[in-house]
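Coordinate analysis (summary)
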Amino acid sequence: MDIMDLNAIRLDIPTDGNIIVGHSHFIKTVEDIYEAIVNTVPQMKFGIAFNEASGACLTRVDGNDDELKAIATKNATAIGAGHLFVVALRGGFPINIKNRILETPEVCTIFAPLRIPWK
């Protein structure tokens, strides 16, 4: 019998910002979520990171803000699960883009839109 280890991972939430954590099943996720965000809230600053689940298991990253891309990457890497995406954002709220992200064909679900002070 295999044993599964569960670990609590503290996520880094940007100052004056939010994050979205979700599950998707296609390597084109980063490009599609990028388009969903800029077409819904063009002024929003964001970074997206997506963990691949096969091959080299790379983390794909995109966005329009270097700090938020780094935060999204740090969170996705810390969680370490394949087919997981993290969006770090400022200049808007998860509710502004949640439905558009969920309408992206390869997105399965959003686990958590977060704005929690982890202090």
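The present account deals with the structure reproduced in this document. Keep in mind that what you see is a predicted model, and the values were worked out from it rather than measured.

**Description of the overall build of the protein**
- Of regular secondary structure, the protein possesses three helices and five strands.
- In the protein, the order of α-helices and β-strands from amino to carboxyl end is β-α-β-β-α-β-α-β.
- Relative to the globule expectation of 14 Å for 119 residues, the C-alpha radius of gyration of the protein, 14 Å, shows essentially globular dimensions.
- Structurally, the protein occupies a C-alpha span of about 50 × 35 × 25 Å along its principal axes.
- Within the span of the protein, comprising 119 residues, buried residues form 41% of the whole.
- For the protein, the accessible surface area stands at approximately 6,900 Å², while carbon and sulfur atoms represent 55% of it.

**Quick look at the environment of Ile110**
- In this structure, Ile110 sits in strand 5 (residues 107-114).
- Between the alpha carbons of Ile110 and Pro14 there is a distance of 19 Å; along the sequence they are 96 residues apart.
- Beyond its immediate stretch of four places on either side in the chain, Ile110 contacts Ile20, Val21, Gly22, Phe85, Lys98, Ile101 and Leu102.

**Comments concerning the packing of helix 1 (residues 29-40) against helix 3 (residues 94-102)**
- At a closest axis distance of 9 Å, the pairing of helix 1 and helix 3 adopts a crossing angle of 135°. Between helix 1 and helix 3, the angle is such that the two are oblique. The crossing of helix 1 and helix 3 is right-handed. Across the interface between the two elements, Ile33, Ala36, Ile37, Asn39 and Thr40 of helix 1 pack against Asn96, Ile97, Arg100 and Ile101 of helix 3.
- Its residues assigned to classes, the contact of helix 1 with helix 3 shows five nonpolar, three polar and one charged.

**A short note on the side chain of Asn51**
- Among the secondary structure elements, Asn51 is positioned in strand 2 (residues 45-51).
- Note on Asn51: relative accessible area 4%, which makes it buried.
- Ignoring sequence-local partners within four residues, the contact set of Asn51 consists of Leu58, Thr59, Ala76, Thr77, Gly80, Ala81, Gly82, His83 and Leu84.

**Considerations on the side chain of Asp65**
- With respect to the helices and strands, the residue Asp65 is situated in the loop between strand 3 (59-63) and helix 2 (66-79).
- Notably, Asp65 is buried but unbridged: the nearest opposite-charge side chain belongs to Arg90, and the N-O separation is 4.6 Å.
- Side-chain polar atoms of Asp65 contact the backbone nitrogen of Leu68, separated by 2.9 Å.
- Residues in contact with Asp65, not counting those within four places in the same chain, are Lys45 and Phe46.

**Thoughts on helix 2**
- Compared with an ideal rise of 1.5 Å per residue, which puts 14 residues at 20 Å, helix 2 spans 20 Å between its outermost C-alpha atoms and is within 8% of the ideal.
- Where helix 2 is concerned, the buried positions are Leu68, Ile71, Ala72, Asn75 and Ala76. The buried residues of helix 2 all sit within an arc of 125° when viewed along its axis, so they share a single face. Exposed residues pointing more than 90 degrees away from the buried face of helix 2 are listed as Asp66 and Lys74.

**Focus: helix 3**
- Of the residues making up helix 3, those classed as buried are Pro94, Ile97 and Ile101. Considered in projection along helix 3, the buried side chains sweep an arc of 85° and stay on one side of the axis.

How each quantity is defined
Residues numbered from 1 in each chain as written. Predicted model: local features only at pLDDT ≥ 70, side-chain atom pairs only at ≥ 80, totals over all residues. Heavy atoms only, no water. Helix = DSSP H or I, 4+ residues; strand = E, 2+ residues; numbered from the N terminus. Rg over C-alpha atoms; globule rule 2.2 N^0.38 Å. Buried < 20%, exposed > 50% of the residue type's maximum accessible area, 1.4 Å probe, protein only. Areas by Shrake-Rupley, 256 points an atom, 1.4 Å probe, with all protein chains shown as cover. Contact = heavy atoms within 4.5 Å. Axes fitted to C-alpha atoms, helices over the stretch in contact; angles between N-to-C directions. Parallel < 35°, antiparallel > 145°, perpendicular 65-115°, else oblique. Left-handed = near helix turned anticlockwise from the far one by under 90°. Nonpolar A, V, L, I, M, F, W, Y, C, P; charged D, E, K, R; others polar. Lys, Arg positive; Asp, Glu negative; His and termini not counted. Salt bridge = Lys/Arg side-chain N within 4 Å of Asp/Glu carboxyl O. Polar contact = N/O pair within 3.5 Å; in protein donor to acceptor, adjacent residues only side chain to side chain. Expected span 1.5 Å × (residues − 1). Arc of directions from axis to C-beta.

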